[in-house]
Amino acid sequence: MFSKKYSQLLFVLIMGFLMSLLMTLIITFVNTGIDQDYINRFLKAWVVGLPIAIATALLVGPLAKKFVDRITK
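Note that the coordinates shown come from a computational prediction; the quantities given were computed from them, not determined experimentally. (Residues numbered from 1 in each chain as written. Predicted model: local features only at pLDDT ≥ 70, side-chain atom pairs only at ≥ 80, totals over all residues. Heavy atoms only, no water.)

How would you explain the overall build of the protein if you had to name every residue and give the values?
Counting its regular elements, the protein contains two helices and zero strands. Its C-alpha atoms give the protein a radius of gyration of 16 Å, more than 25% over the compact-globule value 11 Å for 73 residues. Referenced to the eigenvectors of the C-alpha coordinate spread, the extents of the protein come out at roughly 50 × 35 × 15 Å. Taken across its 73 residues, the protein has 15% of its residues classed as buried. If you sum the accessible surface of the protein, you get close to 6300 Å²; carbon and sulfur atoms cover 74% of it. (Helix = DSSP H or I, 4+ residues; strand = E, 2+ residues; numbered from the N terminus. Rg over C-alpha atoms; globule rule 2.2 N^0.38 Å. Buried < 20%, exposed > 50% of the residue type's maximum accessible area, 1.4 Å probe, protein only. Areas by Shrake-Rupley, 256 points an atom, 1.4 Å probe, with all protein chains shown as cover.)

Hey, could you go over the packing of helix H1 (residues 7-32) against helix H2 (residues 38-71) for me, with residue numbers and the actual values?
Interhelical geometry of H1 versus H2 gives an angle of 145° and a closest axis separation of 8 Å. Note that H1 runs across H2; the crossing there is right-handed. Packed against H1, whose contacting residues are Leu9, Val12, Leu13, Gly16, Phe17, Ser20, Leu21, Thr24, Leu25, Thr28, Phe29 and Thr32, the element H2 presents Tyr38, Arg41, Phe42, Ala45, Trp46, Gly49, Leu50, Ala53, Ile54, Ala57 and Leu58 at the interface. Tallied by class, residues from the contact of H1 with H2 come to 16 nonpolar, six polar and one charged. (Axes fitted to C-alpha atoms, helices over the stretch in contact; angles between N-to-C directions. Left-handed = near helix turned anticlockwise from the far one by under 90°. Contact = heavy atoms within 4.5 Å. Nonpolar A, V, L, I, M, F, W, Y, C, P; charged D, E, K, R; others polar.)

Please provide a residue-by-residue account of the side chain of Thr24, values included.
Inspection of the secondary structure assignment puts Thr24 in helix H1. Owing to a relative accessible area of 10%, Thr24 belongs among the buried residues under this scheme. Here Thr24 is in contact with Phe42, Ala45 and Trp46, once residues within four sequence places are set aside.

Summarise the environment of Thr28; cite the residues concerned and give the values.
Of note, Thr28 is situated in helix H1. A residue is classified by how much of its surface remains accessible, and Thr28, at 8% relative accessible area, is buried. Separated by 15 residues in sequence, Thr28 and Leu43 have C-alpha atoms that sit 9.6 Å apart.

An account of H2 is needed here, citing residue identities and associated values.
Look at H2: only 42 Å from first C-alpha to last across 34 residues, short of the 50 Å you get at 1.5 Å a residue. The principal kink in H2, of about 40°, is found at Val60, preceding the proline Pro62 by one to four residues. Those residues of H2 that sit buried are Tyr38, Phe42, Trp46, Gly49 and Ile54. The inward-facing, buried residues of H2 abut H1. (Expected span 1.5 Å × (residues − 1). Bend = angle between axes of the 7 residues up to and from the residue.)

A description of a nonpolar patch on the surface should follow, citing residues and the corresponding values.
Where nonpolar side chains cluster on the molecular surface, the patch consists of Phe2, Tyr6, Leu9, Leu13, Leu58, Leu59 and Val60 and spans about 710 Å² of accessible area. Going through the elements one at a time, H1 and H2 are the ones with two or more residues in the nonpolar patch. Looking at the nonpolar patch, the element that brings in the most residues is H2, giving three residues. Along the chain, the position of Leu13 falls in helix H1. (Patch = residues over 30% accessible without salt bridge, like charges linked within 9 Å, V, L, I, M, F, W, Y side chains within 5 Å. Salt bridge = Lys/Arg side-chain N within 4 Å of Asp/Glu carboxyl O.)

Structure follows, in structure tokens:
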């Protein structure tokens, strides 16, 4: 098990991993369809998308939380 102090980081990593995986699978399918080279196109896109998703979540997450805290009671 992991310490509670790492929970936010683990959340960001898992969420970035899963969101980028699902989005890349779907977007690659919508843009190019499924054929014998689909997996290669997906993996190429995911290699780019995964670090962007994680970095974005790390940078934007705290700002989004502050915003939500302001607009909710």
